[in-house]
Every structure is written in C-alpha cells, then in structure tokens.
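What follows is each chain in one-letter form.
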Amino acid sequence: MKAVVYQEPYSVTVEDVPDARIEDPNDVVVRITTAAICGSDLHMYEGRTGAEPGIVFGHENMGVVEEVGPGVARIRKGDRVVLPFNVGCGFCRNCLAGDTGFCLTVNEGFAGGAYGYVSMGPYRGGQAEYLRVPFADFNCLKLPPGEQFEDDFALLADIFPTGYHATELADVSPGETVCVFGAGPVGLMAAYSAQLRGASKVFVVDRQPDRLALAERAGAIPVDFSQGDAAEQIKELNGGEGTDKGIDAVGYQATAREGEEQPALVLNTLVDAVRATGALGVVGLYLPADPGGPTESAKKGELLFRMGGFFEKGLRMGTGQADVKRYNRQLRDMIIAGRAQPSFVVSHRLPLAEAPDAYRHFDNRDPGWTKVLLKPDL
Ligand code: NAD
Ligand code: ZN
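None of these values were measured; they are calculated from a predicted model. (Residues numbered from 1 in each chain as written. Chains lettered and ligands numbered in written order. Predicted model: local features only at pLDDT ≥ 70, side-chain atom pairs only at ≥ 80, totals over all residues.)

A. Expanded view of unusual backbone geometry. With a phi angle near 60 degrees, Phe-149 is a residue other than glycine that sits in the positive phi range. Considering the arrangement of structural elements, one finds Phe-149 in the loop between strand 9 (141-143) and helix 4 (150-154). The residue Thr-277 is not glycine, and still its phi comes out positive at about 75 degrees. By the secondary structure assignment, Thr-277 is in strand 14 (residues 274-282). (Helix = DSSP H or I, 4+ residues; strand = E, 2+ residues; numbered from the N terminus.)

Following this line, the structure appears as structure tokens:
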C-alpha cells in the first residue's frame with residue numbers, strides 16, 4: 001500500500017510499504033478516506049525531534065473498517081469511523097479516568113500513545129491507504145454512514161477536540177474574555193471552542209495575515225504580534241484589562257533558535273496578557289527534549305518560564321496532550337446537529353501523492369495553506 005514516509009528533515013515521500021494487517025485479535029484495519037497533516041507532524045518534519053527515517057506519518061485519521069479481528073465486539077466491517085489520535089487501551093487507571101492521552105498500556109515506559117509519532121509507541125500513521133487500529137472497540141468513534149460531514153468529522157481525530165481541550169484546561173466559562181496565541185489550525189479550533197462555550201470576546205494572536213483574517217471571519221478579534229507587544233495590544237482592546245483566560249496554541253517552536261539566548265516563550269506573554277487569578281490552557285507542544293535546541297539547556301527541554309509573574313498573579317495552568325475521547329462523541333453530535341462546523345479551517349483536499357508538496361507549503365506557512373486533508377481515494 002502507499003504511505004507518506006519520513007526520510008530526513010524537510011523531506012517526506014510517498015512509498016510502497018507493507019500492508020496494514022490485523023496483528024492482535026482486538027485490531028481492525030481501516031481503509032483511510034481522510035488523513036490530515038498537523039502542526040505536530042512539523043516537529044518531526046523539521047528535524048527537531050530526532051525521529052528516525054522510515055516513520056509513516058499521520059495521527060488524524062478517518063475511514064471505513066475493512067477487516068475486523070476476532071476479539072472485536074462492537075465494530076463491524078463497513079462501519080465509518082474516526083480515530084482519536086491518542087491510542088488508548090480503555091482499561092488502565094488513566095483511561096478509566098478519561099485521561100486517554102496518558103494511557104499506561106500502549107506505549108511501554110511512557111504514558112500516552114499515538115499513530116505515526118516519534119516516542120509515542122509502535123503504531124504506524126494513517127497518511128496511507130490503510131491503518132491498523134489497536135484496541136479497536138475503544139479507539140473507533142462510529143460515524144453515520146455515507147460521505148456527509150467528511151471534512152468536519154476528520155477534525156474530530158485531533159484539532160477540534162484539542163482546541164476544545166485547551167478551553168477546558170483554561171476553564172473557559174460563559175461571558176469570559178479569552179486570548180488565544182497561535183492562529184494555526186489548533187488555535188483557530190480553540191478560539192471556535194471558546195465561542196461555543198459562550199466566551200464574550202476572543203482575541204487571536206498571530207502574525208500571518210491570512211490566518212488572522214480567518215480568525216476574524218470566525219468571530220474572533222485579530223491581534224498581530226509583529227505590530228507590537230501582544231499583551232499590550234490585548235489589554236488596549238479589552239478596556240485596559242487582561243483577559244480572564246489564555247491559551248497557548250503555539251508551543252515550543254516559538255522559542256529562540258540560533259543566536260538568541262532568551263527564548264521568546266509564548267507562555268511568558270500569556271502571563272502578561274491574562275488578568276490576576278486567571279487560568280492558562282497549554283496545548284501547543286513542549287517536548288521533554290529538543291535535540292535541535294540552540295543550547296545544552298534547550299536540548300534537555302528546559303525553557304525560561306517567568307514563574308515569578310505567574311505566582312504573583314495567582315494564575316493556574318493546565319497542559320498536555322488532549323484526551324480526544326473525552327470530547328469527541330459530544331463534538332461529533334454537535335456537527336450532526338448543525339451546531340458546529342469546524343471545517344472552516346480546511347484549505348486543501350489533496351491526493352496522497354501530493355503529500356510532499358503539501359508538507360512543504362504547510363511548513364512554510366504559505367498564505368492560504370491552513371489545514372490540508374489527504375484523501376487516498378482521490
Ligand atoms: P501551526 O504551526 O500551523 O500553528 C502555529 C501558529 O502559531 C502559526 O500560525 C504561527 O504563525 C503562530 N505563531 C508562531 N509564533 C507565535 C507567537 N510568538 N505568538 C503567536 N503566534 C505565533 O500548528 P497547529 O497545527 O495549529 O498546532 C499548534 C501547536 O499545537 C503545535 O505545537 C502542535 O504540535 C500542537 N498540538 C498539540 C496537541 C495536543 O494534544 N496538545 C494536538 C495537536 C497539536
Ligand atoms: Zn495533530
């Protein structure tokens with residue numbers, strides 16, 4: 001079968017790889033209809049993670065069940081399903097508590113597994129014609145048959161629930177003001193989710209005009225950080241006050257690279273932008289090690305966080321991989337009921353063969369390349 005394979009920094013190719021197959025009785029094999037490219041793939045693509053060549057990328061997957069292992073009870077051949085990016089077992093202490101992003105079973109020695117991701121377990125990605133899904137009764141979310149809402153449903157694998165998770169971590173409540181750093185697909189989904197939860201004003205910070213325009217069309221107030229200190233701009237637009245809540249949807253790639261000593265952490269700007277006793281939700285990725293970091297300390301994943309300002313303001317913070325399963329049944333039903341249309345972020349629907357080009361454009365943040373969906377049957 002064909003799949004998107006990582007070769008070296010800034011290079012993926014579409015290759016023939018061994019077919020996905022049932023390896024355990026509780027597996028299914030899914031024929032992929034849509035697999036999205038994610039900002040998280042870019043950490044590996046840009047060579048920051050030390051990922052080995054040969055990884056099949058793709059953790060945002062949906063499709064139709066093609067083959068069912070003998071131990072699977074609930075999922076049938078022909079079911080249309082979306083696969084949360086976290087691989088969970090469903091029975092460990094963390095899965096039972098709903099913390100499926102931190103499953104203790106699927107990734108020996110670590111908490112949490114994912115498809116097609118360095119250090120997240122042995123699971124191949126779904127930017128391919130087929131995908132093996134372990135613990136399939138737990139890891140498949142069933143969808144109505146047919147092709148309706150395909151692009152909206154595809155976003156249930158990661159960015160819609162991840163954006164929602166950010167608002168949950170920050171405890172966004174009706175009537176509150178929220179600032180979201182990053183107008184990438186994840187930040188846009190966080191801003192959208194904040195509005196679904198009844199936020200009164202949502203500010204979205206980025207420097208990319210096309211992404212800021214999309215945020216504005218989705219009902220947020222754009223803030224361009226290339227035009228001056230983002231926290232000051234937000235306060236000015238918010239009656240002189242910081243916002244009630246804040247979200248980091250950028251992560252560690254906004255930190256200093258060559259020649260810069262002090263990382264320009266988005267988190268430090270958030271400490272300024274949010275009012276005292278507010279809360280921060282951090283879904284932008286921070287890795288425990290950054291082999292490409294500019295200093296020894298950065299290589300160990302250490303960053304200079306302004307703990308003093310954070311403490312002084314009595315702020316709270318939640319972090320981590322999103323527990324997709326916690327939200328995606330409810331978000332699916334909002335899509336079906338016409339109450340949510342997250343696919344406004346989708347900019348491209350392309351065949352698998354165009355993945356190398358799509359990675360280049362998305363990685364360059366070329367104008368208009370917001371969210372790419374790969375469709376193996378195109
Ligand atoms: P992206 O790279 O397309 O978006 C990041 C955006 O941040 C870009 O538009 C960029 O211009 C902007 N940006 C850069 N520096 C900035 C700064 N200083 N202030 C404000 N904006 C800045 O990626 P994405 O797909 O939207 O993903 C965003 C982050 O979320 C990534 O780190 C990704 O790994 C992470 N992520 C986490 C989870 C999770 O479960 N926690 C899931 C998916 C993605
Ligand atoms: Zn993702």
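B. Layout of helix 12 (residues 324-336). Here helix 12 is 13 residues long and its end C-alpha atoms lie 18 Å apart, about the 18 Å a rise of 1.5 Å per residue gives. When helix 12 is considered as a whole, its buried residues turn out to be Val-324, Lys-325, Tyr-327, Asn-328, Leu-331, Arg-332 and Ile-335. Looking one or two residues past helix 12, Gly-338 carries a phi angle of roughly 80 degrees, positive in sign. (Expected span 1.5 Å × (residues − 1). Buried ≥ 20, exposed ≤ 12 C-beta atoms within 10 Å, placed from the backbone.)

C. Molecular detail of the packing of helix 8 (residues 230-237) against helix 9 (residues 266-273). Remark: helix 8 packs on helix 9, axes separated minimally by 8 Å, with the N-to-C direction vectors making an angle of 30 degrees. Judged by the inter-axis angle, helix 8 sits roughly parallel to helix 9. The handedness of the crossing between helix 8 and helix 9 comes out as right-handed. Judged by residue contacts, Ala-230, Ala-231 and Ile-234 of helix 8 engage Thr-269, Asp-272 and Ala-273 from helix 9. (Axes fitted to C-alpha atoms, helices over the stretch in contact; angles between N-to-C directions. Parallel < 35°, antiparallel > 145°, perpendicular 65-115°, else oblique. Left-handed = near helix turned anticlockwise from the far one by under 90°. Contact = placed C-beta atoms within 7 Å.)

D. Focus on the site of ligand 1. Around ligand 1 there are 31 residues in total, and Gly-39, Gly-182, Gly-184, Gly-251 and Leu-285 lie nearest to it. At the level of elements, helix 1 (39-45), helix 6 (185-196) and strand 11 (201-206) are the ones that each hand at least two residues to the shell around ligand 1. Among the elements that take part in the shell around ligand 1, helix 1 stands out by supplying 4 residues, more than any other. The residue inventory of the shell around ligand 1, partitioned by class, reads 15 nonpolar, 11 polar and 5 charged. Among the domains, domain 1 (2-158 + 323-374) and domain 2 (160-319) are the pair contributing at least three residues each to the shell around ligand 1. (Near = placed C-beta within 6 Å. Nonpolar A, V, L, I, M, F, W, Y, C, P; charged D, E, K, R; others polar. Domains from an automatic or database assignment.)

E. Representation of the nonpolar core in the model. Ranked by internal contacts, the top residues of the largest apolar core, which has 114 residues, are Val-28, Val-30, Val-81, Val-82, Val-180, Ala-191 and Val-204. Looking at which element gives the most residues to this core, the answer is helix 6, with 7 residues. For this core, the domains that each give at least three residues are domain 1 (2-158 + 323-374) and domain 2 (160-319). In contact with Val-204, other than residues within four places in its own chain, are Val-180, Ala-183, Gly-187, Ala-191, Leu-212, Ala-215, Ala-220, Pro-222 and Val-223. (Core = buried A, V, L, I, M, F, W, Y, C linked by C-beta atoms within 7 Å.)

F. Up close: the domain arrangement of the chain. Domain assignment breaks the chain into domain 1 (2-158 + 323-374) and domain 2 (160-319). Of note, the centres of domain 1 and domain 2, computed from C-alpha atoms alone, are 25 Å apart. The interface is formed by 24 residues belonging to domain 1 together with 22 residues belonging to domain 2. Elements with a contribution of two residues or more to the side of domain 1 that touches domain 2: helix 1 and helix 12. For the side of domain 1 that touches domain 2, the leading source of residues is helix 12, giving 4 residues.

G. Just helix 7 (residues 209-217), in detail. All buried positions along helix 7 are accounted for by Arg-211, Leu-212, Leu-214 and Ala-215. Buried residues along helix 7 cover an arc of 155 degrees about the axis, so they all sit on one side. Against the buried residues of helix 7 lie helix 6, strand 11 and strand 12 (221-224). Following helix 7 by one or two positions, Gly-219 has its phi on the positive side, about 100 degrees. (Arc of directions from axis to C-beta.)

H. Representation of the pairing of strand 2 (residues 11-16) in the model. Sheet topology note: the strand 1 (residues 2-8)/strand 2 ladder contains 6 bridges and is antiparallel. Each bridged residue has a counterpart across the sheet, and for Glu-8 the counterpart in strand 2 is Ser-11. Between strand 1 and strand 2, which follow one another and run antiparallel, lie 2 residues, and Tyr-10 among them has a positive phi close to 70 degrees. (Pairing = 2+ DSSP bridges.)

I. The sheet that holds strand 11, seen in detail. With parallel pairing, the 6 strands of this open sheet are ordered in space as 12-11-10-13-14-15. The open sheet is flanked by strand 12 and strand 15 (316-319), the only strands paired with a single partner. Going from strand to strand, the sheet's axes swing by 20 degrees on average, the running direction of each strand aside. Note: strand 10 (residues 177-181) against strand 11, 5 bridges, orientation parallel. If you follow Cys-179 over to strand 11, its bridge partner there is Phe-203. In this fold helix 8 packs onto strand 10, strand 11, strand 12 and strand 13 (243-248), with an angle of close to 145 degrees to the strand it touches most, strand 12. Against the sheet, helix 9 touches strand 10, strand 13 and strand 14, its axis set at about 175 degrees to strand 13.

J. Just the pairing of strand 10, in detail. Of all the 5 residues making up strand 10, 5 are buried; the element is thus mostly covered by neighbouring parts of the structure. Residues of strand 10 alternate between two faces, with Thr-177, Cys-179 and Phe-181 on one and Val-178 and Val-180 on the opposite face, all of them buried. As for the winding sense of the linkage, the β-α-β connection from strand 10 through helix 6 to strand 11 is right-handed. (Right-handed = clockwise from strand over helix to strand, strands pointing away.)

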